[in-house]
Amino acid sequence: MSNIIRRDPRIEYIIRNRLHPMHANFATGPVRGPTGLIRKNPHQVGFIGPNGIKRIDRSATGVSAAQFASRSQAKGAEQQEVRKSFVVEEPAFYIAVVLDLVGGRLTSHDKDILGQAHLLATESDSKGAVLAIALGELKDDNLKLAGVDRLLHFASEEFQQFNPELKLTALTAVEASYQPQYWLLPDSIHGGGDLGRRLAARLGERPATQVWKVEQDKITCRANGGTQDVERDIPRIMLLAEEVAYPVMETEHQATALAVPDMPAMLPHIEDLGQQAVDPSEIPLAEAEFILSGGNGITDWELFHQASAILGATEGASRVAVDNGDMPRFRQVGATGTWVSARVYIAVGISGAIQHLQGIGQCEKVIAINLDKDCDMIKRADLSVIADSSAVLDELIKLVNESKQEAAANAA
């Protein structure tokens, strides 16, 4: 037999296409080039790039289509059963994590930081505990699976408003009662970045911002607009970037609620006047939390615009819809348009080109409406509706109108 290593174009195509149902069967092993040399697979989970940043796969790519489509509660329950129980009876110290909790639920950023806190709590000989601090609304019931050992929930309605002075007072009370070994906060626009800097000023500590790598005694931070890295000794207060660590995946923790410490009286200097209604069409795509996006499968654009107005969603579009002149260029979503991080992203009539899927990689929940049950967007979505887009949008409009009429009747 010949010793020449022959290429298989079909397998090479499957390895390149991360959404292919058989991608996981070939992508986990070594990839050989035409000369027989083993190449690094940048799509592999845990791959370390040239700048040292770890790759974290949030989109469930690299698994079969059946596994991809079954990210349901039943599947989650099966995974929870095999987790090991992690119990800390008498912690030697605490790692305090202040959660962003956008909409009362853990963000992917929160989960990354809890994963890093778990590493800091378990890397020493004396076992510590992860102390999660929730300020305001808390709807998430998966804290045990996210790595929370102890929980402090400041549930007063005042914490749900923009009140940084009150939140800072609460953290100061936690500092006096529990004296955490480290403070970890998300360096985000949702409040964690501002609150972390306020806490550092109050405690007289020098914080570290945009931390993307934490070792035993050293950390690495992004600087100069992300173009440079700065290494320094590990400080007590750290504001962490996204993907600083892997979320907790293998253990189930206690999430034991602790008594909230007493807070000193304070006279606030900031008054929250409440939220102001904003036209969804005026919200930039990069900042929108609810996006209704249309593609080549839309046959009635007037109905699409009506649905977005009724639902209160910001409009987006695929590149095909923009090239066809159905939507303006600034509404284009994807790697060649705008990268979005919406909490809910509804893709109507979008097949799911790889550039579009890259642009919605940070979206929490993706809903797909399409006639093609085998398209890539259906595989990416958390919830799929295989039906005509016009019929679904028309039914959504009717349901929302009925709900509003019922609410108005009850109010009267």
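Before any of the text, the structure's been laid out above.
It should be emphasised that the depicted structure is a prediction, and the values quoted were computed from it without experimental measurement. Each chain has its residues counted from 1, running along the sequence as written. In view of the model being predicted, local features appear only for residues whose pLDDT reaches at least 70, and side-chain atom pairs are presented and counted only at 80 or more, with totals across whole chains, interfaces and linings using the full set of residues. Heavy atoms from the whole structure form the basis of all side-chain values; hydrogens and water molecules are not counted.

Participant: Mind laying out the overall build of the protein chain, listing which residues take part and the relevant values?
Facilitator: Along its length, the protein chain carries 13 helices and 18 strands. For each residue, the accessible area found with a 1.4 Å probe, counting protein chains only, is set against the maximum for its type, and the residue is called buried under 20%, exposed over 50%, and partly exposed in between. For the protein chain, the proportion of its 412 residues judged to be buried stands at 42%. Per element, the accessible surface of the protein chain, about 22,500 Å² overall, is 50% carbon and sulfur. Where helices and strands are cited, they refer to DSSP runs of H or I of at least four residues and of E of at least two residues respectively, numbered from the N terminus. Per-residue and other accessible areas were derived by the Shrake-Rupley procedure at a 1.4 Å probe size, with only the shown protein chains allowed to occlude residues.

Participant: I'd love a proper account of the sheet that holds strand 15 (residues 314-317), names of residues and values included.
Facilitator: Adjacent strands of a sheet pair through backbone hydrogen bonds, lying either parallel or antiparallel. Strands qualify as paired when DSSP identifies two bridges or more between them. Pairing is parallel across the open sheet formed by five strands, whose spatial order is 15-14-16-17-18. Only two strands of the sheet have a single partner each, and these edge strands are strand 15 and strand 18 (383-386). Within this sheet the neighbouring strands show an average axis-to-axis angle of 20°, counted without direction. Two strands pair when backbone bridges link them, and strand 17 (residues 365-370) and strand 18 are joined in this way by four bridges, in the parallel orientation. What sits directly across from Ile-367, in strand 18, is Leu-383. In what follows, residue pairs with any heavy atoms lying within 4.5 Å of each other are defined as contacts. To get an axis, a line is fitted to the C-alpha atoms, and for a helix only the part in contact is used. The angle between two axes follows their N-to-C directions and goes from 0 to 180 degrees. The strands touched by helix 9 (residues 301-311) within the sheet are strand 14 (290-294) and strand 15, with strand 14 carrying the most contacts at an inclination of about 175°.

Participant: Just give me the short version of the side chain of Thr-314, but keep the residues and values in it.
Facilitator: Take Thr-314: it is sitting in strand 15. Under the relative-accessibility criterion, Thr-314 is labelled buried at 2%. Look past the residues within four positions of Thr-314 in its chain and what remains in contact with it is Pro-280, Ile-283, Leu-285, Ala-288, Phe-290, Ile-291, Leu-292 and Arg-331.

Participant: For the sheet that holds strand 10 (residues 228-233), give the residues involved together with the corresponding values.
Facilitator: Read from one edge of the open sheet, nine strands run 10-9-8-11-7-4-5-6-13, paired in mixed fashion. Strands with a single pairing partner mark the edges of an open sheet, and in this sheet they are strand 10 and strand 13 (256-257). As judged from the two bridges shared by strand 6 (residues 150-154) and strand 13, these two strands associate in the parallel manner. When the bridges of strand 13 are listed, Arg-150 appears paired with Thr-256. Of the strands in this sheet, strand 4 (94-98), strand 5 (129-135), strand 7 (182-186), strand 8 (208-214) and strand 11 (237-240) are in contact with helix 5 (residues 108-122), which crosses strand 7 at around 165°. Helix 8 (residues 192-203) contacts strand 4, strand 5, strand 7, strand 8 and strand 11 of the sheet and is inclined by roughly 170° relative to strand 11.

Participant: Outline unusual backbone geometry, listing residues and values.
Facilitator: One non-glycine residue, Gln-210, adopts positive backbone phi at about 50°. Tracing the chain through its elements places Gln-210 in strand 8. One non-glycine residue, Ala-255, adopts positive backbone phi at about 55°. Position of Ala-255 among the secondary structure elements: in the loop between strand 12 (251-252) and strand 13.

Participant: Any details on the pattern of salt bridges? Residues and values, ideally.
Facilitator: Any Lys or Arg side-chain nitrogen located within 4 Å of an Asp or Glu carboxyl oxygen qualifies as a salt bridge. On inspection of all chains with the given rule, the structure shows 13 salt bridges. Where Asp-233 meets Lys-218, a salt bridge forms, and the shortest distance between an N and an O atom there is 2.8 Å. You can see Asp-233 sitting in strand 10 and its partner Lys-218 sitting in strand 9 (residues 218-223), a full 15 residues away along the chain. With relative accessibility at 48%, the residue Asp-233 sits in the partly exposed group. For the salt bridge of Asp-374 with Lys-373, the shortest nitrogen-to-oxygen distance reads 3.6 Å. Accessibility expressed as a relative area gives 56% for Lys-373, which makes it exposed. When salt bridges that share partners are traced, they join Glu-175, Glu-205 and Arg-236 into one network.

Participant: Can you tell me about the nonpolar core, naming the residues and giving the values?
Facilitator: What is meant by a nonpolar core is a set of buried Ala, Val, Leu, Ile, Met, Phe, Trp, Tyr and Cys residues, joined one to another through side-chain atoms within 4.5 Å. One finds Leu-184, Val-214 and Met-238 to be the most contacted residues of the largest nonpolar core, which totals 31 residues. Contributions of two or more residues to this core are made by strand 4, helix 5, strand 5, helix 6 (143-146), strand 7, strand 8, strand 9 and strand 11. Element by element, the count of residues in this core is highest for helix 5, at five residues. With residues near it in sequence (within four places) discarded, Val-214 still touches Gln-116, Leu-120, Ile-219, Ile-234, Met-238, Leu-240 and Val-244. Core analysis: the next-biggest nonpolar cluster, separate from the first, contains 25 residues, Phe-86, Val-88, Leu-131 and Leu-195 among them.

Participant: Break down the packing of aromatic side chains for me, with residues and values.
Facilitator: Each aromatic pair joins two rings of Phe, Tyr and Trp (for Trp, the six-membered one) with centres within 6.5 Å, and gets the label stacked for planes under 30 degrees apart, edge-to-face for over 60, and tilted for any other angle. Counted under the stated rule, the structure contains three aromatic pairs. For the pair Tyr-94 and Tyr-178, a centre-to-centre distance of 5.6 Å together with 85° between the ring planes defines the contact as edge-to-face. Of the two residues, Tyr-94 is situated in strand 4 and Tyr-178 in helix 7 (residues 164-178); the sequence distance between them amounts to 84 residues. Exposure class is identical for Tyr-94 and Tyr-178. Each is buried. Aromatic pair Phe-154 and Phe-159: ring centres 5.5 Å apart, planes at 50°, arrangement tilted. Looking at Phe-154, the relative accessible area reads 2%, which means it is buried. Judged by relative accessible area, which is 5%, Phe-159 ranks as buried. Its guanidinium or amino end placed over the ring of Phe-86, Lys-127 lies 5.1 Å from that ring's centre, counting from NZ or CZ. Over a ring means this: the NZ of a Lys or the CZ of an Arg is within 6 Å of the ring centre and within 35 degrees of the ring normal.

Participant: So what's going on with helix 5? Which residues, and what values?
Facilitator: One fewer than the residue count of a helix, multiplied by 1.5 Å, yields its expected span. Over its 15 residues, helix 5 extends 21 Å from the first C-alpha to the last, a length consistent with the 21 Å expected when each residue adds 1.5 Å. Across the 15 residues of helix 5, 11 count as buried, placing the element largely inside the fold. Turning to helix 5, its buried residues number three or more, namely His-109, Asp-110, Asp-112, Ile-113, Leu-114, Gly-115, Gln-116, Ala-117, His-118, Leu-120 and Ala-121.

Participant: Summarise the environment of Lys-144; cite the residues concerned and give the values.
Facilitator: On the secondary structure map, Lys-144 appears in helix 6. Non-local contacts of Lys-144, meaning those with residues more than four positions away in its chain, are made with Thr-251, Glu-252, His-253, Gln-254 and Ala-255.

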